[in-house]
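Residue-level listing of the chains:
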Amino acid sequence: RPSEIYSAFASLCTDPSVSSSVSLRCARGQTRAMNAAYQALDQLISGRDFDPPAKLLANIKPEAAVRLLPGAPYSIATNIAQTDIWQRVWLAQLDGTPRLNPFPDFPVVPAEKWPEIRAGFLANLERARELAAECPPDDEKRQAKLLQFAIHGAYHVGQVKLLKRMLRFKRV
């Protein structure tokens, strides 16, 4: 339950025995410190546990982004396009604007669209982090949607990392 996550994180912020990195993050302000969605999105974007998405996607050329490898269900570009489709759906819900039709949600992306797809994905991650920074911790519905956003993004960033490894292996 989201409220249990907030309570656990808040207790970390007030416990003097916790690590200094948690204490420093808590010092930014109690609202952000107790905001699990902000923490998750910030961790995803800054890459504290794995490559940050901007760095991971930066050096992927369009031809490589759209390449479908044997055994892979889709390309890097399709993976990121699918992720961003759902990011836009959830941002629309959070903004109270009409929901767009997310289907087909695994589009085949032409090489020339890769830079646009990548930029949109990264911009929408940042937008979600901004919304999370402003979201009160007790707004469980918005917190849950923003956590869903972060978890979905992290899942697909991991898939991109694997697909990049497969592309490197394929060259050998």
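Residues numbered from 1 in each chain as written. Predicted model: local features only at pLDDT ≥ 70, side-chain atom pairs only at ≥ 80, totals over all residues. Heavy atoms only, no water.

1. Regarding the packing of helix α4 (residues 36–46) against helix α8 (residues 114–134)
- Put simply, α4 and α8 touch, their axes get as near as 8 Å, and they point 150° apart. Classified by the angle their axes make, α4 and α8 are roughly antiparallel. In the crossing of α4 with α8, the sense of the turn from one axis to the other is left-handed. Packed against α4, whose contacting residues are Ala37, Tyr38, Leu41, Asp42, Leu44 and Ile45, the element α8 presents Leu125, Glu126, Ala128, Arg129, Ala132 and Ala133 at the interface. (Axes fitted to C-alpha atoms, helices over the stretch in contact; angles between N-to-C directions. Helix = DSSP H or I, 4+ residues; strand = E, 2+ residues; numbered from the N terminus. Parallel < 35°, antiparallel > 145°, perpendicular 65-115°, else oblique. Left-handed = near helix turned anticlockwise from the far one by under 90°. Contact = heavy atoms within 4.5 Å.)

2. Considering empty space enclosed by the protein
- This model, assessed by the stated rule, comprises one cavity of 30 Å³ or more.
- By volume, the largest cavity amounts to about 30 Å³.
- As for the largest cavity, its lining consists of Ala64, Arg67, Leu68, Leu69, Ala72, Tyr74, Ser75, Ile76, Leu163 and Leu167.
- Among the residues forming the lining of the largest cavity, the class breakdown is eight nonpolar, one polar and one charged. (1 Å grid on protein atoms, 1.4 Å probe; cavity = no way out; pocket = protein on both sides within 12 Å on 5 of 7 lines; lining within 4 Å. Points joined across faces, edges and corners; volume = space filled by probe spheres on them. Nonpolar A, V, L, I, M, F, W, Y, C, P; charged D, E, K, R; others polar.)

3. Observations concerning the confidence of the model for the protein
- Of all residues in the protein, 78% attain a pLDDT of 70 or more, and the chain-wide mean is 84.
- Mean pLDDT in the protein bottoms out at helix α2 (residues 20–27), which sits at 36, and peaks at helix α6 (residues 62–65), which reaches 98.
- Note on residues 13–30: pLDDT under 50 across the span, and twelve contacts to partners over four residues away in sequence or across chains. (pLDDT = per-residue confidence, 0-100.)

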